[in-house]
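Close look at the chain arrangement
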Amino acid sequence: MAKIELNRNPFIENALKSRYPQLAVFIVMLVGYIFAILAGLIGTPVGSHNFSIVFVWIAWWAVLILVAVPFFGRGWCAVCPIPLPGEWLQRGAMLAPPNKRPKWLNLRVPKMFRNIWLQNISFLLLALFSSVLLTTPNITSIVLAAMLFAAIGLSTIFERRAFCRYLCPVGGFIGLYSQTAPIELRIRDKQACVKCEGKPCYNGSEVGYGCPWDVFPGGLTKNTYCGLCMECIRTCPHDNIAVNLRPFSADLAKPTTRMDEAFKSFIMLGSAMIYAGVLLGPWGMLKDAAYNVGSNSWFVYAGVFLAIIFGVLPGLFSLGIYQRQNNIAFKQRFASLSTALIPLGMMFWVAFSLSFVLTNASYILTALSDPLGLGWNLFSTANTAWQPMLTSILAPAQTLALVGGLIWSARTAQKAANESWTSSMPVIVYCFLLTSVMLWLLL
Amino acid sequence: MSPRFLLLLFVMAGLVVAFAPLPVQSVTPQERTIDIDARQYTYSPSELQVNKGDTVTIKLISTDVVHGLYVDGYDVSIEANPGQTATLTFTADKAGSFRFRCNVTCGAMHPFMIGKLTVGTNNWLYRSIGLATLAIFGTVISIKQKA
Ligand code: SF4
Ligand code: SF4
Ligand code: SF4
Ligand SMILES: [Cu+2]
């Protein structure tokens, strides 16, 4: 299937090149984000009636995992409000570059942190507290505010978007799964980049900033670290940047070689399964343990959680792919074959989220009219009764997502296995076993 | 075999696995009464098993705050005040596995106060695992063909 350059269309090209449409969305998002923080702090402590919980963990989450990531990759990052205040401060401007440069430290992030291990850790930290985070408005507020301030702080110390690249707990998995999306930003012509003087897409110019994500667009081969901020469309003097519609999961044809990315796959796969069991399962003991942070049972829960993610899942995987005679180093094979888990992991999240979101979507109407749970009725939807949606198609939809993910992963495994001269069968069997467990947990 | 024909074959097999009617084991319907304790944020027992056609009476007793019990797929519900018993009777005429959940906001973990009711056998689970197996075979065969 050929690629289609979306920004050949002058309307799309201009909408992306101009800073105003994006700024308009940014402002709406930022207002919503700050409102969510305030609502969590001053509104009702009842999660299912507070804007912060309902709009972050039901509405935003649904859009993110069911639409934005699968179809637009890092599309969310293109409009995300979290890094904005820091970025504006760092630049000393909200729009085009001003004449004088503001004097922040502008340091380079130390080499040892230039990977996604910190994102793996920040995601896991939130995941271990997720039962409280997902249900308690003021905790959600604190986490949202902490992300905002961490992004501001890092913007004043380091150059570009250090928070997005190395710390954001959400950005890590969006990047991982964005490889499956049918959208990409790439250069049109390699030769143009070779000849290009000054490389303004990376170094910036008077018309725009150097890539905020510390990526050289000319070298892009996968979506993971391009935040789709569209800055390079504005800076490239040779009109060499294309936003392409492409086949799904095109990036996965080139398997990863990095351990931090490989473990991201296991973290996401494992967390989806654990959530499915703990949050949606019928086992009260697990819920108690997950919710009572700090209690003995919570420590056991946290230990088991980490053991599954860092021990059981990668351990079984390693056993499957272990071979005595293979010149390709084990680590490299491990990383490469873990690429196959990316589509499956994303579909695990889709299947899990479908249940959670469809069951609780009616809270969105309630919270819209009464965002703080104070008895308002702004749009006369405050008294909408709780009612699960589309219950009859939930189970078939989950099966479709999981079986579809399994096929997708099996095909990806085949490609990755070819690259490292090994058989894809162990990985396919591994994916099948995990899918069966997930089906059992959800159905 | 041409890949298209193979794909068609597997899609057909998939439809059979997903939708083919199964022989119904006829069990004489019974009346069942089940006592369920509800507390923040769990039911006990939280996993129920009945046969298709049974008349199920749930006696819900809440031991702390007001809780509800709503059965997905059946769309029936009750509410129980602390210390009082609420009774819900319905005919389990749909086979499969259904979540039941609290439908009265009862605290933080309320949205996850969930139990599971299985009526007859949870065929959809077995069908789904069947579909997954079929999917794997299909993929492996198509890979082998290309190789
Ligand atoms: S990485 Fe995180 S903070 Fe940065 S744009 Fe994406 S979601 Fe927002
Ligand atoms: S500015 Fe344009 S042509 Fe120059 S290196 Fe960047 S993408 Fe290539
Ligand atoms: S400047 Fe270009 S390459 Fe860099 S993040 Fe933005 S869109 Fe991606
Ligand atoms: Cu409840």
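Note that residues are indexed from 1 along each chain, following the sequence as it is written. In the order they appear in the text, chains get letters beginning with A and ligands get numbers beginning with 1. Local features are withheld for residues below a pLDDT of 70 in this predicted model, meaning they are given only at 70 or higher, and side-chain atom pairs are given and counted only at 80 or more; totals for whole chains, interfaces and linings count all residues. Hydrogens and water are ignored here; the side-chain numbers use all heavy atoms of the structure.

Describing the site of ligand 2
Residues in contact with ligand 2 amount to 13 residues; listed here are only the nearest, C193(A), C196(A), K199(A), C201(A) and C236(A). Listed by contribution, the elements that provide at least two residues to the shell around ligand 2 are α11 (190–195) and α12 (200–203) of chain A. Throughout, near means a residue has at least one heavy atom within 4 Å of the molecule or strand. Helix numbers and strand numbers start at the N terminus; a helix is a DSSP run of H or I with at least 4 residues, a strand a run of E with at least 2.

Structural notes on the coordination of the copper ion (ligand 4)
All names here are of chain B. The donor definition counts N, O and S atoms within 2.8 Å of each metal and applies 3.2 Å to Na, K and Ca; water is not among these atoms, so some sites may look incomplete. Within the protein, the copper ion (ligand 4) binds to C102 (SG), V104 (O), C106 (SG) and H110 (ND1); these donor distances fall in the range 2.0 to 2.8 Å. What the 4 donor atoms of the copper ion (ligand 4) show is an angle range of 73 to 150 degrees at the metal, which sorts the shape as irregular. Within one chain, the residues donating to the copper ion (ligand 4) are spaced in sequence as C-x1-V-x1-C-x3-H. Owing to a relative accessible area of 3%, C102 belongs among the buried residues under this scheme. Here a site with four donors is tetrahedral if all angles are between 85 and 135 degrees, and a site with four or six donors is square planar or octahedral if opposite donors are over 155 degrees apart and the other angles are between 65 and 115; anything else gets the irregular label. Only protein chains enter the accessibility calculation, which uses a 1.4 Å probe; a residue whose area is less than 20% of its type maximum is buried, one above 50% is exposed, and one in between is partly exposed.

Things to note about a nonpolar patch on the surface
All names here are of chain A. Patches draw on residues past 30% relative accessible area with no salt bridge. Two like charges within 9 Å are joined, as are two nonpolar side chains (Val, Leu, Ile, Met, Phe, Trp, Tyr) within 5 Å. Using a 1.4 Å probe, the Shrake-Rupley method yields the accessible areas, and only the shown protein chains count as cover for residues. Just to be clear on terms, a salt bridge is a Lys or Arg side-chain nitrogen sitting within 4 Å of an Asp or Glu carboxyl oxygen. A contiguous nonpolar surface patch, about 550 Å² in accessible area, is contributed by I34, L38, L41, I42, I139 and I142. Going through the elements one at a time, α2 (20–42) and α8 (137–157) are the ones with two or more residues in the nonpolar patch. With 4 residues, α2 is the largest single contributor of residues to the nonpolar patch. Relative to the helices and strands, L41 is located in helix α2.

Here we look at the packing of helix α3 (residues 51–72) of chain A against helix α10 (residues 169–178) of chain A
Packed helices, taken two at a time, are described by the angle their axes make and the gap between the axes. Residue and element names in this part refer to chain A. It is the contact of α3 with α10, at a shortest axis distance of 11 Å, that shows an interaxial angle of 25 degrees. When the axes of α3 and α10 are compared, the pair comes out roughly parallel. Remark: the crossing between α3 and α10 carries right-handed chirality. Only V170, F173, I174 and Y177 of α10 make contact with α3, whose side of the interface consists of W60, W61, L64, I65 and V69. Here the residues of the contact of α3 with α10 are counted per class, giving 9 nonpolar, no polar and no charged. Between N-to-C directions, angles cover 0 to 180 degrees, with each direction set by a line fitted to C-alpha atoms, over the stretch in contact for helices. For this classification, under 35 degrees means roughly parallel, over 145 means roughly antiparallel, 65 to 115 means roughly perpendicular, and everything else is oblique. The crossing is said to be left-handed when, going from far helix to near helix, the turn is anticlockwise and less than a right angle, and right-handed when the turn is clockwise. Only heavy atoms matter for contacts: two residues are in contact if any of them lie within 4.5 Å across the pair. Polar here means any residue other than Ala, Val, Leu, Ile, Met, Phe, Trp, Tyr, Cys and Pro, which are nonpolar, and Asp, Glu, Lys and Arg, which are charged; Gly is therefore polar.

Things to note about the environment of E197(A)
Assignment of secondary structure puts E197(A) in the loop between α11 and α12. Between the alpha carbons of E197(A) and R91(A) there is a distance of 24 Å; along the sequence they are 106 residues apart.

Things to note about the packing of aromatic side chains
For Phe, Tyr and Trp, where Trp contributes only its six-membered ring, two rings pair if their centres lie within 6.5 Å, and the inter-plane angle classes them as stacked under 30 degrees, edge-to-face over 60, or tilted in between. Following the criterion strictly, the structure yields 34 aromatic pairs over all chains and no others. Seen from their ring centres, Y275(A) and F352(A) are 5.9 Å apart, and the 45 degrees between their planes marks the pair as tilted. In this pair, Y275(A) sits in helix α14 (residues 259–280) while F352(A) sits in helix α18 (residues 341–360), placing the two residues 77 residues apart along the sequence. Each member of the pair, Y275(A) as well as F352(A), is classed as buried. Residues F317(A) and F334(A) carry aromatic rings whose centres are separated by 5.6 Å and whose planes lie at 85 degrees to one another, so their mutual orientation is edge-to-face. Taken together, the residues span a long stretch of sequence, with F317(A) in helix α16 (residues 296–321) and F334(A) in helix α17 (residues 330–338) at a distance of 17 residues. With respect to burial, F317(A) and F334(A) carry one shared label: buried. An aromatic cluster is defined as three or more aromatic residues linked by ring pairs; in this entry it consists of W57(A), W60(A), W61(A), W76(A), F123(A), F173(A), Y275(A), W349(A), F352(A), F356(A) and F112(B). Over the aromatic face of Y202(A) sits the side chain of R160(A), whose NZ or CZ is 4.1 Å from the ring centroid. Criterion for a charge above a ring: Lys NZ or Arg CZ within 6 Å of the ring centre, and within 35 degrees of the ring normal. It is K94(B) that lies over the ring of Y74(B); its NZ or CZ is 4.8 Å from the centre.

Considering the domain arrangement of chain B
Parsing chain B into structural domains produces domain 1 (1–24 + 122–147) and domain 2 (26–120). The domain boundaries here were taken from an automatic or database domain assignment. Computed over C-alpha atoms, the centres of domain 1 of chain B and domain 2 of chain B are 35 Å apart.

Considerations on the environment of I58(B)
Residue and element names in this part refer to chain B. Tracing the backbone shows I58 in strand β4 (residues 55–62). Counting along the chain gives 38 residues from I58 to A20, while the straight-line C-alpha distance between them is 32 Å. Apart from the residues lying within four places of it in its own chain, the contact partners of I58 are I34, I36, L48, L69, I78, A86, T87, L88 and F90.

Side note on the sheet that holds β4(B)
Hydrogen bonds along the backbone pair up the strands of a sheet, which may run parallel or antiparallel. All names here are of chain B. Read across the sheet, 4 strands follow the order β2-β1-β4-β7 without closing on themselves; strand pairing throughout is mixed. In this open sheet, the two edge strands, each paired with only one partner strand, are β2 (42–44) and β7 (85–91). Along the sheet, successive strands turn relative to each other by an average axial angle of 25 degrees, direction set aside. Two strands qualify as a pair provided that DSSP identifies no fewer than 2 bridges between them. Sheet topology places strand β1 (residues 31–39) next to β4; 8 bridges connect them, and they run parallel. Bridging across to β4, I36 finds its partner in L60.

Points about unusual backbone geometry
Look at the link from Q40(B) to Y41(B): it is a cis peptide, with omega at -5 degrees. Mapping Y41(B) onto the fold places it in the loop between β1 and β2. At the junction of S44(B) and P45(B), the peptide bond is cis and its omega measures out at 0 degrees in the coordinates. Within the secondary structure, P45(B) sits in the loop between β2 and β3 (47–50). In this structure, R160(A) is a non-glycine residue whose phi angle is positive, near 50 degrees. Counting through the fold element by element, R160(A) comes out in the loop between α8 and α9 (162–167). The class for R160(A) is buried, based on a relative accessible area of 16%. Notably, L228(A) is not glycine yet its phi reads approximately 50 degrees, a positive angle. Overall, L228(A) belongs to the buried group, its relative accessible area being 10%.

Remarks on helix α21 (residues 425–442) of chain A
One less than the number of residues in a helix, times 1.5 Å, gives the span that helix is expected to have. For α21(A), with 18 residues, the first-to-last C-alpha span of 26 Å sits near the 26 Å given by 1.5 Å per residue. For α21(A), the complete set of buried residues consists of V427(A), I428(A), Y430(A), C431(A), F432(A), L434(A), T435(A), S436(A), M438(A), L439(A), L441(A) and L442(A).

Some thoughts on the packing of helix α6 (residues 117–128) of chain A against α14(A)
Residue and element names in this part refer to chain A. Axis separation between α6 and α14 bottoms out at 9 Å; the angle between their running directions is 15 degrees. By the angle between their axes, α6 is roughly parallel relative to α14. Judged by the twist between their axes, the crossing of α6 over α14 is left-handed. Counted together, W117, Q119, N120, F123, L124 and A127 of α6 and M259, D260, F263, K264, I267, M268, S271 and Y275 of α14 form the full contact between these two elements. Of the residues assigned to the contact of α6 with α14, the class counts are 9 nonpolar, 3 polar and 2 charged.

Here we look at the pattern of salt bridges
Oppositely charged side chains can pair when the atoms bearing their charge come close. Residue and element names in this part refer to chain A. Per the stated rule, a full pass over the model turns up 23 salt bridges over all chains. Ionic pairing is found between R246 and E184, a salt bridge with its closest N-O pair at 3.0 Å. Of this pair, R246 sits in the loop between β3 (241–245) and α14 while E184 sits in strand β2 (residues 183–187), and the two are 62 residues apart along the sequence. Taking the relative accessible area as the measure of exposure, R246 reaches 1% and is therefore buried. Salt bridges linked by common partners bring K3, E184, R186, R246 and D251 together as one network.

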